[in-house]
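# Structural features, examined
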Amino acid sequence: MIKRADILGIPYLKKTTFTGSHEGMRFRFALVKTEEEEYLEVSAWEAPYAFDFTSEEKKQSTKVAFSEEGICEGVDWLNEVWQKEPERWKKAKTNW
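Our subject in this report is the structure included herewith.

Conventions used here
Residues numbered from 1 in each chain as written. Predicted model: local features only at pLDDT ≥ 70, side-chain atom pairs only at ≥ 80, totals over all residues. Heavy atoms only, no water. Pairing = 2+ DSSP bridges. Helix = DSSP H or I, 4+ residues; strand = E, 2+ residues; numbered from the N terminus. Axes fitted to C-alpha atoms, helices over the stretch in contact; angles between N-to-C directions.

With antiparallel pairing, four strands are arranged side by side in an open sheet as S1-S2-S3-S4. Of all strands in the sheet, those with a lone pairing partner are strand S1 (18-22) and strand S4 (60-65), marking the two edges. Pairs of neighbouring strands in the sheet enclose a mean axial angle of 20 degrees, with direction left out of account. Strand direction decides the pairing type here: strand S3 (residues 38-46) and S4, joined by six bridges, are antiparallel. By the bridge assignment for S4, Glu41 is matched with Lys63.

In structure tokens form, the structure reads like this:
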């Protein structure tokens, strides 16, 4: 299970993206700024590839507020994604 303490905070996310992994599921928190809004995009995909080397159709993403609450919401979303298909993610651990 991914915990809030596993994800770096707002000051870090203002400067760069945060990536990590859990049991075969890779994930990313990235600040997105447009003229209309600012938000965190939280993405998940199968190991072993990096975000930039994974096709868009293999990624799942959600938008959350760029705030502490948004980070917590993103963590909850990632855990839900993992719990829906645990065998898929566990199998991805062996893709090396």
